[in-house]
Amino acid sequence: MKGTNASTLAGFILLGFSDQPHLEMVLLLVVSIIYILTLMGNTAIILVSYFSPKLHTPMYFFLSNLSFLDLCFTTSVVPQMLWNLKGPDKTISYTGCMIQLYVALGLGSTECILLTVMAYDRFSAICRPLHYGVIMHPKLLRQLAALAWISGFVGSTVQTILVFQLPLCSHHMVDDFTCEEPALIKIACVNTTFLENELSIASVLYVVIPLGLILVSYGCIVRTVLRIKSAEGRRKAFGTCGSHLIVVVLFFGTLTSIYIQPKSKYTQNYSKFLTLFYTVVTPSLNPLIYTLRNKEAKW
C-alpha cells in the first residue's frame, strides 16, 4: 500500500469498537462515570495531602504527584475517547494524535519511575527506620520527583519523534481507542524493525528495570519484616506497603501485557480492553486503594 505523510495531516481514524455500536454506548456511559470518579478522587487526594499537616510526609508527597499524574494522564486520552464513542466521528487531527502520544507516553513512563521511587521510600521507611528522616529529606524528595518527570518525558520525546517520522499508510486507520505507539507502528508502510527494537529498549528502560527495582525493594522489605518478632509489628509494616504494592500490580500487570507480551498473545479486541483498563480504570482505583488501606488518608 502506498505510504504518505501528507494524507495524515488530515488526521487519523481511531476505530475502537466502531463495528459494535451498542458496546460503544455502554462504554460511553461507563467511561464517563469512571472519569468523573477519577477527577474527584485524585483531586481529593491532592487537596487532603496539601491541607492536612499530618500528611506532610514523603509517602503522601509522592502520592500527590501520582494523583496529579493520573489526572493529567486520563485527561490526555479520555475526552477524545468519549468524543469518539458518542457518535460516528472517530477522527483525531494529526497534531492532536502527536500530542496525545507524546503526553500519554511521557506520563506513563513517569508513573513507572514514580512507582519505583515510592518503593524506595517504603524500603527506607521499613529497612532503615532510624535513618529514614535523614535519607528522605525534602530536597531529595523534590529531586526524585523531578527525576521521574524529566526522565519520563525525555523518553517520550525520542519515541514520538521516531514514530511520526515513519511514512504512514494512506488509510491512516488506527485500530485502537488512542494514539498508542504499537497501533501507530502497525499502519507504517515501511519496515518497522528498527522502531520495534527501539520500543523494546524503551520497554526495558521504563517497564522491566523499574519493575525489577521494585521487586528487589520488596524482597528486602519482606526479609526485614520477617525478622520482626511481634505479629502486630509485622502486620503494621506490611500494611504500610499494601496500597503501593496493589497499585504496582495493577499498573505494571496491564502495561506489560500491552508492551512486553508477544504480538500474537492476544486478540486485537482484548488489547483494546487492556488499553481501556490502564488508561481509564487504573487511575480511578488509585485513590480508592490508598484511602481504604491507610487510616491517615480517610476523609
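If you look the protein chain up in an unreviewed UniProt entry, it shows as Olfactory receptor from Muntiacus muntjak. As stated in UniProt under Function (unreviewed entry), the record for the protein chain gives "Putative odorant or sperm cell receptor." The Sequence similarities (unreviewed entry) comment attached to the protein chain in UniProt states, word for word, "Belongs to the G-protein coupled receptor 1 family."

Per the stated rule, a full pass over the model turns up one disulfide. Sulfur-sulfur distance for the disulfide between C97 and C179 comes to 2.0 Å. Torsion about the S-S bond of the C97 and C179 cystine: about -130°, corresponding to left-handed handedness. In this pair, C97 sits in helix α3 (residues 94-127) while C179 sits in the loop between β3 (173-174) and α6 (181-186), placing the two residues 82 residues apart along the sequence. Here C97 matches C179 in class, with each residue buried. Here C112 is not disulfide-linked; the sulfur of C72 is the nearest cysteine sulfur, at 16 Å. Not part of a disulfide, C127 finds its nearest cysteine sulfur in C220, a span of 5.8 Å.

Glancing now at the packing of helix α5 (residues 138-163) against helix α7 (residues 193-226). Relative orientation of the contacting elements α5 and α7 amounts to 170°, with a least axis distance of 11 Å. Taken together, α5 and α7 sit at an angle that is classed as roughly antiparallel. Of the residues in α7, those in contact with S151, G152, G155, V158, Q159, L162 and V163 of α5 are F194, L195, E198, L199, A202 and Y206. Here the residues of the contact of α5 with α7 sort into eight nonpolar, four polar and one charged.

Quick look at the side chain of S151 now. Relative to the helices and strands, S151 is located in helix α5. Among the polar contacts made by the side chain of S151, one reaches the main-chain carbonyl oxygen of L147 at a distance of 2.6 Å. Among the polar contacts made by the side chain of S151, one reaches the main-chain carbonyl oxygen of A148 at a distance of 3.2 Å. If we ignore the near neighbours within four places in the chain, the residues touching S151 are I113 and Y206.

This next bit is on the packing of α7 against helix α8 (residues 231-259). Contact geometry of α7 with α8 gives a least axis separation of 11 Å together with a crossing angle of 160°. In terms of orientation, α7 and α8 fall into the roughly antiparallel class. The crossing of α7 and α8 is left-handed. Across the interface between the two elements, L199, S203, Y206, V207, P210, L211, I214, Y218, I221, V222, V225 and L226 from α7 touch R234, A237, F238, C241, H244, L245, V248, F252, L255, T256 and Y259 from α8.

A separate point is α8. Here α8 contains 29 residues, and its C-alpha end-to-end distance of 40 Å stays within 8% of the 42 Å for a straight helix at 1.5 Å per residue. Of all the bends in α8, the greatest measures close to 40° and is centred on G242.

Another point: the pattern of salt bridges. Counted by the stated rule, this structure contains three salt bridges. Across the pair E24 and K90 runs a salt bridge whose closest N-O atoms are separated by 2.8 Å. With E24 in helix α1 (residues 21-51) and K90 in the loop between α2 (58-85) and β2 (91-92), the pair connects residues that are 66 residues apart, well separated along the chain. Of the residues examined, K90 reaches a relative accessible area of 8% and is grouped as buried. Note that R122 is salt-bridged to D121, the shortest N-O span being 2.9 Å. In this structure, R122 and D121 share a single accessibility class: buried.

Take the packing of aromatic side chains next. Considering all chains together, one arrives at 12 aromatic pairs under this definition. Aromatic pair F61 and F62: ring centres 5.4 Å apart, planes at 70°, arrangement edge-to-face. What makes F61 partly exposed here is its relative accessible area of 29%. A relative accessible area of 0% means that F62 is categorised as buried. Every member of this aromatic cluster is reached through a ring pair, and the members are F12, Y94 and F164. It is K86 that lies over the ring of W83; its NZ or CZ is 4.0 Å from the centre.

It is worth spelling out a nonpolar patch on the surface at this point. A contiguous nonpolar surface patch, about 510 Å² in accessible area, is contributed by I201, V204, L205, V208, I209 and L213. Relative to the helices and strands, I209 resides in helix α7.

Attention now goes to the sheet that holds strand β1 (residues 12-14). Ordered by their spatial adjacency, three strands build an open sheet running β2-β1-β3, and the pairing between neighbours is mixed. Single-partner strands in this sheet number two, and they are β2 and β3. When β1 meets β2, the two strands line up antiparallel, connected through two bridges. Its bridge partner being in β2, F12 is matched across the sheet by I92.

What counts, and at which threshold
Residues numbered from 1 in each chain as written. Predicted model: local features only at pLDDT ≥ 70, side-chain atom pairs only at ≥ 80, totals over all residues. Heavy atoms only, no water. UniProt positions renumbered as here; feature names shortened; annotations may be inferred. Disulfide = S-S within 2.5 Å. Helix = DSSP H or I, 4+ residues; strand = E, 2+ residues; numbered from the N terminus. Buried < 20%, exposed > 50% of the residue type's maximum accessible area, 1.4 Å probe, protein only. Axes fitted to C-alpha atoms, helices over the stretch in contact; angles between N-to-C directions. Parallel < 35°, antiparallel > 145°, perpendicular 65-115°, else oblique. Contact = heavy atoms within 4.5 Å. Nonpolar A, V, L, I, M, F, W, Y, C, P; charged D, E, K, R; others polar. Polar contact = N/O pair within 3.5 Å; in protein donor to acceptor, adjacent residues only side chain to side chain. Left-handed = near helix turned anticlockwise from the far one by under 90°. Expected span 1.5 Å × (residues − 1). Bend = angle between axes of the 7 residues up to and from the residue. Salt bridge = Lys/Arg side-chain N within 4 Å of Asp/Glu carboxyl O. Phe/Tyr/Trp six-rings, centres within 6.5 Å; stacked < 30°, edge-to-face > 60°. Lys NZ or Arg CZ within 6 Å of the ring centre and 35° of its normal. Patch = residues over 30% accessible without salt bridge, like charges linked within 9 Å, V, L, I, M, F, W, Y side chains within 5 Å. Areas by Shrake-Rupley, 256 points an atom, 1.4 Å probe, with all protein chains shown as cover. Pairing = 2+ DSSP bridges.

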